[in-house]
Amino acid sequence: MAKRVLVYDEVLDMLLQAQNQRVEDGWERGTSLEQIASEAIIFWYSQGNNERFRNINDQDYILKNAGKPADKALEGT
């Protein structure tokens, strides 16, 4: 696994918010950015067809459609 991953500023903000919330809630484990990002990737992958973003390099489109099931995200293309 890579030790360094480039992400959009918005993604980093979301990861830091999740991390802060977990710390505030008293989580003893699972508060690292790597853990939170891994959980997010697994969740996103399980939403359906992850190929829908493969050839799209549009930050706004990805952020707008990342949480939608594949069939809903593809309706606008």
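Please refer to the structure placed before this passage.
Nothing here was measured: the structure is a model prediction, and the numbers come from that model.

### As for the side chain of Gln 19
By the secondary structure assignment, Gln 19 is in helix α1 (residues 9-24). Separated by 2.9 Å, the side chain of Gln 19 and the backbone oxygen of Thr 31 make a polar contact. Residues contacting Gln 19, with those up to four places away along its chain left out, are Thr 31, Ser 32, Leu 33 and Ile 36.

### Let's talk about a negative patch on the surface
Negative charge collects at one region of the surface, where Asp 9, Glu 10, Asp 13, Asp 58 and Asp 60 lie side by side. When residues of the negative patch are assigned to their parent elements, the largest contribution, 3 residues, is made by α1. Its place among the elements puts Glu 10 in helix α1.

### Observations concerning a nonpolar patch on the surface
On the surface, Val 5, Val 7, Leu 12 and Leu 16 cluster together into a nonpolar patch covering about 310 Å² of accessible area. Examined against the element boundaries, Leu 16 turns out to sit in helix α1.

### A look at α1
Here α1 is 16 residues long and its end C-alpha atoms lie 22 Å apart, about the 22 Å a rise of 1.5 Å per residue gives. For α1, every residue scored as buried is listed here: Leu 15, Gln 19 and Arg 22. End-on, the buried residues of α1 take up no more than an arc of 65 degrees, which puts them together on one face. For α1, the exposed residues lying more than 90 degrees away from the buried face are Asp 9, Gln 17 and Glu 24. Downstream of α1 by a residue or two, Gly 26 has a phi angle that is positive, lying close to 85 degrees.

Criteria and cut-off values
- Residues numbered from 1 in each chain as written.
- Predicted model: local features only at pLDDT ≥ 70, side-chain atom pairs only at ≥ 80, totals over all residues.
- Heavy atoms only, no water.
- Helix = DSSP H or I, 4+ residues; strand = E, 2+ residues; numbered from the N terminus.
- Polar contact = N/O pair within 3.5 Å; in protein donor to acceptor, adjacent residues only side chain to side chain.
- Contact = heavy atoms within 4.5 Å.
- Patch = residues over 30% accessible without salt bridge, like charges linked within 9 Å, V, L, I, M, F, W, Y side chains within 5 Å.
- Areas by Shrake-Rupley, 256 points an atom, 1.4 Å probe, with all protein chains shown as cover.
- Salt bridge = Lys/Arg side-chain N within 4 Å of Asp/Glu carboxyl O.
- Lys, Arg positive; Asp, Glu negative; His and termini not counted.
- Charge placed at Lys NZ, Arg CZ, Asp CG, Glu CD.
- Expected span 1.5 Å × (residues − 1).
- Buried < 20%, exposed > 50% of the residue type's maximum accessible area, 1.4 Å probe, protein only.
- Arc of directions from axis to C-beta.

Read these as spatial facts, not as claims about activity.
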